[in-house]
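Structural overview for review
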Amino acid sequence: MSVSLENVVYTKVPVPETPAPAVPVDITAKTFALRHQKVVDAMKADGFDALFLYADREHAANFGYLTGFEPRFEESVLILHADGRSFMLLGNESLRMQAYSQLPVTAVHVPHLSLPNQPMGNTETLKELMAKADLRFGMSVGVIGWKMFSSTIEDNSRFFDVPDFLMAPLKELVGAENLKNAAYLLIDADKGVRVINGANDIAHYEFGAALASDRVRRLLGEIEVGKTELELAQNLSAFGQPTSVTTICATGERFTNAVVWPRAKAVAMGDKFSVTLGLHGGLTNRVAYVARTPEDLPEDVRDYVDVVARPYYAGISTWYETVRVGITAGELYAAVDAALPKDKYGWVLNPGHLTSDEEWLSSPVYKDSPVVLKSGMMIQMDIIPKVEGYGGVNAEDGVALADKDLRDQIKAEYPEVWARIESRRKYMIETLGIRLHPDVLPLSNLAGYLRPLLLCRDCALKVVR
C-alpha cells in the first residue's frame with residue numbers, strides 16, 4: 001500500500017547516529033572461487049567456449065569481480081575458458097599484477113594495452129599475442145565490456161563496447177560470426193551472476209555504502225552560509241577508497257562553466273544544494289535547499305516542502321515499504337508510480353537499480369517488469385523528480401535484500417555489520433515511521449533521512465500514521 005501525502009510530516013527528527021564501519025571486510029578466497037565457478041557454469045549453460053572480458057580504468061568491475069583487482073590506468077583483458085583455464089592480457093605496468101590475482105591465471109604480455117608512447121618491444125602481432133590465450137578459429141566466444149544494449153529493433157548480441165583495436169584481431173582469430181555480447185551473463189538484472197550476493201559480499205560492500213553515507217552526513221552538519229563548496233567537500237574524504245561516480249558538492253546552479261567538481265563558490269541563503277558520494281557498494285545523494293525556514297527561500301518556491309519534498313517522501317517511503325524478496329520489480333514500479341505519479345512529478349529513469357562496485361549495475365525496475373526480486377540483491381532507492389519552477393529533491397541510498405537464511409548467516413559471520421544494519425532498521429522503523437519488511441537491510445546510515453531545508457538541522461520528514 002502506498003504511503004499517502006497526508007502521512008508525511010515535516011517535524012523535529014533526530015539525525016541518525018549509526019557509526020561508520022572502521023575497517024572493510026575483504027572478499028575471501030572461498031567467495032572468489034565461488035564467483036569463478038558461477039561464471040563458468042553460466043558460460044557453459046549458454047554454449048560459450050571462452051569469454052573475452054575487457055576492462056579499463058572506468059569499466060573494470062566485471063574484471064575485479066573475478067580477479068580482486070582492477071586496472072589502475074592501463075587496459076586489460078581476462079580470458080576464461082569453459083574448462084576452467086584463465087589468461088590475462090596485460091600491459092607493461094599491469095604485468096606484475098598477475099601475481100596478485102585471486103583467480104589463478106596465465107599472463108600474456110600485450111604492450112598494446114600500455115599507456116601512450118611506452119615501449120612496445122614486441123615481435124608478435126596483437127592477433128598472435130591473443131592466440132597465446134588459446135583462442136582458436138571456430139570457438140564460440142562471449143565478449144564482455146561493461147554493459148548490455150536494450151534496443152528491441154537491432155541485434156544487441158552483435159554490439160560490442162570493446163575498442164576496435166582489440167575486436168578486429170579477435171574477429172580474425174575466432175571468426176566474427178562466432179562472437180556474441182555476453183555481458184548479460186554477469187549483469188543481467190534477472191539472471192546475471194553478479195546480481196546475487198552472499199554474506200561475505202554484502203559485508204564487504206556495506207563498508208563502502210555506510211562510509212559514503214557517513215561522509216555525506218558529516219557534510220550536511222557543516223553546511224553554513226559563506227562556506228565554499230571546496231571547504232564542504234573536505235568532509236567527503238573517505239580513507240582514499242575508490243569512488244564509483246563523480247563526487248558532487250554544488251551550491252546554487254550546478255555545473256556552471258562546465259565544471260562538475262566542487263568549486264570555490266560560496267553557499268548563499270536560499271541556494272539549491274546537491275551532494276553525492278558513491279563508493280564501491282553504494283551511493284548517498286542529497287538534494288535540498290539551503291534554508292532554516294520556508295521564508296529563507298525565494299518567494300516563488302516557499303511552498304517547496306509541501307509541493308515537492310513531502311510528495312517525494314511519500315514516494316520513497318512507499319519504495320522502502322514495498323521492496324522485499326519475492327515481489328516483481330514491476331510491482332515496485334507500480335507502487336512508486338501510485339504514490340508519486342510519474343506524469344506529475346517528472347521522474348524518467350528507473351525508480352531503483354542494482355548496485356555493486358559500480359553505482360549502476362543494471363535495473364530490474366521498470367513498468368510491468370516480470371523480474372522477481374531475489375535474496376542477495378543490492379538495490380539503490382533512486383527516484384529523481386522534476387517539478388517545474390522548483391529545485392530538486394533527492395535522498396538516494398542502498399539496501400540489500402536477504403531472506404532469513406542469508407540474514408542468519410550475516411548475523412553469525414559478521415556481527416558488527418549486523419549490529420549496524422539492525423541500528424539502521426530501528427531508526428527507519430521507530431523514528432521515521434517507515435515499515436520495513438524483514439528482508440530489507442539498509443546499507444546506508446542515512447537511508448530514509450531527508451532534510452528538505454538543510455539549515456534546520458533537527459528537522460526532517462517522517463511518516464506518521
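Check the entry above for the structure.
First, a word on what this report is: a plain description of the structure on this page. Quick caveat, the model's predicted, so the values are computed rather than measured.

As for the overall build of the protein
- If you tally the helices and strands in the protein, you get 12 helices and 15 strands.
- Taken over C-alpha atoms, the radius of gyration comes to 23 Å for the protein, in line with the 23 Å a tight globule of 465 residues would show.
- Judged by the C-alpha coordinates and their principal axes, the protein covers about 70 × 45 × 45 Å.
- Evaluated residue by residue, the protein yields a buried proportion of 56% over its 465 residues.
- Of the contacts formed within the protein by residues at least 6 apart in sequence, a portion of 67% connects residues at least 24 apart.
- Accessible surface, the protein as shown: approximately 19200 Å² in total, 53% of it carbon and sulfur.

Overview of the pattern of salt bridges
- Taken as a whole, this structure holds 22 salt bridges when the rule is applied.
- Close ionic contact of Arg457 with Glu224 constitutes a salt bridge, the shortest N to O distance being 2.8 Å. Of this pair, Arg457 sits in the loop between β14 (440-442) and β15 (459-463) while Glu224 sits in the loop between α6 (199-220) and α7 (229-233), and the two are 233 residues apart along the sequence.
- Exposure remark for Arg457: the relative accessible area of 25% places this residue in the partly exposed category.
- For Glu224, a relative accessible area of 32% gives the class partly exposed.
- Taken together, the shared-partner salt bridges in this structure form one network comprising Asp83, Arg85, Asp134 and Arg136.

Focus: the state of the cysteines
- Under the defined criterion, the tally for this structure stands at 1 disulfide.
- In this model Cys456 forms its disulfide with Cys459; the gap between the sulfur atoms is 2.3 Å. Taken individually, Cys456 and Cys459 each receive the classification buried, so the pair is uniform in this respect.

Some words on the nonpolar core
- Counting residues in each nonpolar core, the largest one holds 103 residues, and the members touching the most others are Phe273 and Trp319.
- Looking at this core element by element, the count peaks at 10 residues for helix α8 (residues 304-322).
- In this structure, Trp319 is in contact with Leu332, Val336, Pro351, Gly352, Ile379, Gln380, Met381, Ile383 and Val399, ignoring residues within four places of it in sequence.
- Judged by nonpolar contacts, the second largest core, of 25 residues, contains Met130, Met139, Val143 and Val174.

So, the pairing of strand β10 (residues 282-289)
- The buried fraction of β10 is high, at 8 of 8 residues.
- Here β10 shows a buried face lined by Gly282, Thr284, Arg286 and Ala288 and a second buried face lined by Leu283, Asn285, Val287 and Tyr289.
- Relative to β10, strand β9 (residues 272-279) runs antiparallel, the two sharing 8 bridges. Looking at β10, one finds that Leu279 is bridged to Gly282.
- Counting the residues between successive antiparallel strands, the hairpin from β9 to β10 contains 2 residues, one of them, Gly281, with a positive phi of roughly 115°.

What counts, and where the lines are drawn
Residues numbered from 1 in each chain as written. Predicted model: local features only at pLDDT ≥ 70, side-chain atom pairs only at ≥ 80, totals over all residues. Heavy atoms only, no water. Helix = DSSP H or I, 4+ residues; strand = E, 2+ residues; numbered from the N terminus. Rg over C-alpha atoms; globule rule 2.2 N^0.38 Å. Buried < 20%, exposed > 50% of the residue type's maximum accessible area, 1.4 Å probe, protein only. Contact = heavy atoms within 4.5 Å. Areas by Shrake-Rupley, 256 points an atom, 1.4 Å probe, with all protein chains shown as cover. Salt bridge = Lys/Arg side-chain N within 4 Å of Asp/Glu carboxyl O. Disulfide = S-S within 2.5 Å. Core = buried A, V, L, I, M, F, W, Y, C linked by side-chain atoms within 4.5 Å. Pairing = 2+ DSSP bridges.

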